[in-house]
Amino acid sequence: MTAHAQHELITVRDFIRYAVSRFNAAQLFFGHGSDNAWDEAVYLTLHTLHLPLDRLEPFLDARLLPDERVRLLDLYSRRCQDRLPAAYLTNEAWLGEDRFYVDERVIVPRSFIAELLDEQLAPWVADPWAVENALDLCTGSGCLAIKLALNFPNAEVDAVDLSKDALAVAERNIADYRLADRVHPLHSDAFAKLAGKRYDLIISNPPYVDAESVDALPPEYLHEPEMALGSGDDGLDFTRIILAEAKKHLSDDGILIVEIGHNRAALEAAYPDLPFTWLDTAAGDEYVFMLNAADLPD
């Protein structure tokens, strides 16, 4: 089929149509940057052809060279047969307008916290320049730590992860953004190596998938590091660590912001006395919570 397609498909339009058909026939799961076959086909095609990702129309009827056809068909096949997320095929992921290098050493970036950082956490942070020390716990690729530094220009940012492989990816992204003087990757199991450190702002997008959901994950997610996904039976094991230890690492008027996926009901049931503030994101107000230092348990 691939050899036949290589001769019959001529234009960018042909290849995108073919990719959409292949992706739908393979019943791929889309959850790593796009949510449908068309958007993913367009992205993979434009990226592979080194074309602007926001300018499809002028190129739809452009004819492709033989080597370009081969590269595209190979990419479509890998997406369908190996069920690799698009980000691992292109080694890039986007959060808003910011691009990050990724590979299978890190989870594919996708965090509701990113959009909140681009708004400089207004109105919860009155003066972005007043944030001098910040922590991104479970930094992975370093994307949120970098966004912290970009949006809080006076902040020194610690980017913490248990995975040395993930930190290697984070270091690459930090270097790409020329932020090595302000963003500091640290190898630590949660707060274990942060004794004595205090922050004006702590953010975390920790593992939060419950055991039942881990067992039902589509194949695309199985390429991601297992430790970045599951967090005990109810998905809250790591969040419990954060809630137990965060206060000693926050300044007196510091704030904690944590993403917990679909676990709002379980979290509120487990901590009925904590005054969670649920932050509005594009997906709703049940995925990211905020707590002030004064409200956290000692």
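For the structure given in this document, a descriptive report is provided here. From a predicted model like this one, the values you see are computed outputs, not experimental measurements. (Residues numbered from 1 in each chain as written. Predicted model: local features only at pLDDT ≥ 70, side-chain atom pairs only at ≥ 80, totals over all residues. Heavy atoms only, no water.)

## Observations regarding the packing of aromatic side chains
The line we're drawing: To pair, rings of Phe, Tyr and Trp, with the six-membered ring standing in for Trp, must have centres within 6.5 Å; the planes then decide the type, stacked if under 30 degrees apart, edge-to-face if over 60, and tilted in the middle. For every residue, the accessible area obtained with a 1.4 Å probe (protein chains only) is divided by the maximum for its type, and the residue is called buried under 20%, exposed over 50%, and partly exposed between those limits. Two thresholds decide whether a charge sits over a ring: the Lys NZ or Arg CZ must be within 6 Å of the ring centre and within 35 degrees of the ring normal.
Following the criterion strictly, the structure yields eight aromatic pairs and no others. Note on phenylalanine 276 and tryptophan 278: the rings are 5.9 Å apart at their centroids and 45 degrees apart in plane angle, and the pair reads as tilted. With respect to burial, phenylalanine 276 and tryptophan 278 carry one shared label: buried. Site record: aromatic cluster; members linked through ring pairs are Tyr18, Phe23 and Tyr76. In this arrangement the basic side chain of arginine 172 is found over the ring face of tyrosine 101, its NZ or CZ atom lying 3.7 Å from the centre.

## Regarding the pairing of strand 7 (residues 250-259)
Condition: Runs of H or I in DSSP of at least four residues are treated as helices and runs of E of at least two as strands, each being numbered from the N terminus. Being paired, for any two strands, means DSSP has found at least two bridges between them.
Summarising burial for strand 7: eight of the 10 residues are buried, a large majority. Bridge analysis of strand 6 (residues 199-204) against strand 7 gives five bridges, and the strand direction is parallel. Bridging from a neighbouring strand, tyrosine 199 pairs with leucine 250 of strand 7. Where strand 7 lies against strand 9 (residues 288-292), five bridges are found, and the strand directions are antiparallel. Following the sheet pairing, leucine 256 is matched in strand 9 by leucine 291.

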